[in-house]
Amino acid sequence: MTEHMPPPAQGCRNTPVLKERGQREVFCGLTGIIWLHRKMQDAFFLVVGSRTCAHLLQSAAGVMIFAEPRFATAILEESDLAGLNDAHAELDRTVSELLARRPDIRQLFLVGSCPSEVIKLDLGRAAERLTVEHAPRVRVLNYSGSGIETTFTEGEDACLASMVPVLPKTDARELLVVGALPDVVEDQMLALLDAMGIGPVRLLPARSIDANTAVGSNTKFALVQPFLGETHDALTRRGAAHIAAPFPFGDEGTTAWLRAVADAFDVSDATFAAVTDAPRARARKAIAQASDALTGKSVFFFPDSQLEIPLARFLARECGMLPVEVGSPYIRDALHGPDLDLLPEGPTISEGQDVDKQLDRCLAARPDLTVCGLGLANPLEAQGLSTKWAIELVFTPVHFYEQAGDLAALFARSLKRRAVLDRGASAVAAE
Ligand code: SF4
């Protein structure tokens, strides 16, 4: 086994958390549909919402170029909101028309929104009724993506959690990897696990409903995304055991994640080293090349994607950055504890948001780099701060060894852009 970086003398797991429950500036959970619909090839996401929800999806997804898109919005009109129509009857009709037109749909998600929640439309009851009507060809489930209930990445958590109760039962000793990854990254991960002899490996979400994803008391599951708290709880309720580990960002996170999985499946040190040494070396080299611009620079995380804690750990431990504040919408010891253990003490750890107070702290600290949502980036840039959009980190392949250099480069790019802008401003001032 190649060398480990020693853990810090004092990590952040026991750091008192600054809990804030004020106004928050984040996207709602509908956003997750953008990556989930690409992942689950036989699924369709029907948002039951307003024109605002439809606009959010259209703009977040970019221009719709699919001949057969896998998401849509059933628009609730004013008369629906006023309770003048039978929304359930209309929903049934919309679903029947959709399924008649699209025989490729095998899983249909009814996705709740702010308006459907305000009028208390019972999508759970609708999903049960529609499952009976359209079984066995289509399975209908529901979850909420509403901005009242969910932040940005919680939509995926809610979606996966809705699938857990209907997964078939198994008594087999299997690894279940939980969280949507881009296909290319998922294939890299599966190749590493396979080379270590770990299997069968099941995926949630799987690319198709016909994949053999099942769960039971001999299932061990590992999360690849740090925002899957509800899914974690749902799997635990089905008897599966969680493999706690840092998340697979960078060399250290990937190695620790794979090591925890390997330990759960009795892989020897020699096999582990034989499989991981070469990609580790590549990852280290790529990170070293990309992180020159980051070393010694301070970074401030606003709470947005729930990726903040593992990313802060990566930037501090592997890129030499100095986190000032690490904010996350939620912090759960079972999920974030292993990364907090490795994050050197020093930064403020905050949970939730009171955006004005947090902006004041950020402007007072004047970090070299601020990771935040789209809505905060422009005002902060106008104050001369360098920003990185948190949403980009969710849409870009950043997990596991082969993406480690790209992950460092994503942060470095923001600093380089600011340096170019500053040089340009100085040149203009000198003229
Ligand atoms: S679910 Fe709510 S927050 Fe999200 S787009 Fe619709 S109205 Fe806006």
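Residues numbered from 1 in each chain as written. Predicted model: local features only at pLDDT ≥ 70, side-chain atom pairs only at ≥ 80, totals over all residues.

Moving on to the overall build of the chain. Within the chain one finds 17 helices and 14 strands. Scaling as 2.2 N^0.38, a compact globule of 431 residues should have a C-alpha radius of gyration of about 22 Å, and the chain matches this with 22 Å. Over its C-alpha atoms, taken along the principal directions, the chain stretches across nearly 65 × 60 × 40 Å. A buried classification covers 46% of the 431 residues belonging to the chain. At a minimum sequence separation of 6, the contacts of the chain that also span at least 24 residues come to 76%. (Helix = DSSP H or I, 4+ residues; strand = E, 2+ residues; numbered from the N terminus. Rg over C-alpha atoms; globule rule 2.2 N^0.38 Å. Buried ≥ 20, exposed ≤ 12 C-beta atoms within 10 Å, placed from the backbone. Contact = placed C-beta atoms within 7 Å.)

Reading across from one edge, β3-β2-β4-β5 is the order of the four strands in this open sheet, with parallel pairing throughout. The open sheet terminates on both sides in strands that have one partner only, identified here as β3 (71-75) and β5 (139-144). Geometrically, the sheet is characterised by an average inter-axis angle of 25 degrees between neighbouring strands, direction not taken into account. Judged from the six bridges that link them, strand β4 (residues 107-112) and β5 form a sheet pairing that is parallel. The partner of Leu110 across the bridge, within β5, is Asn142. Relative to β3, helix α2 (residues 51-61) is tilted by about 165 degrees, and along the sheet it contacts β2 (43-49) and β3. (Pairing = 2+ DSSP bridges. Axes fitted to C-alpha atoms, helices over the stretch in contact; angles between N-to-C directions.)

Below, the discussion takes up the sheet that holds strand β14 (residues 387-389). Across the sheet, six strands lie side by side as β1-β12-β11-β10-β13-β14; this open sheet has parallel pairing. At either margin of the open sheet sits one strand with a lone partner, and together these are β1 (18-21) and β14. On average, adjacent strands in this sheet sit at an angle of 20 degrees to one another, irrespective of strand direction. Across four bridges, the pairing between strand β10 (residues 298-301) and strand β11 (residues 322-328) is parallel. Each residue of the ladder has a partner; that of Phe300, found in β11, is Glu325.

In contact at an axis separation of 11 Å, helix α4 (residues 87-101) and helix α6 (residues 123-134) are set at 40 degrees when each is read in the N-to-C sense. Taken together, α4 and α6 sit at an angle that is classed as oblique. Where α4 crosses over α6, the two elements pack in a sense that is right-handed. Contacts from His88, Leu91, Asp92, Val95 and Leu99 in α4 reach Ala126, Leu130 and His134 in α6. Residues of the contact of α4 with α6, tallied by class, amount to five nonpolar, two polar and one charged. (Parallel < 35°, antiparallel > 145°, perpendicular 65-115°, else oblique. Left-handed = near helix turned anticlockwise from the far one by under 90°. Nonpolar A, V, L, I, M, F, W, Y, C, P; charged D, E, K, R; others polar.)

This is a description of form; function is not addressed.
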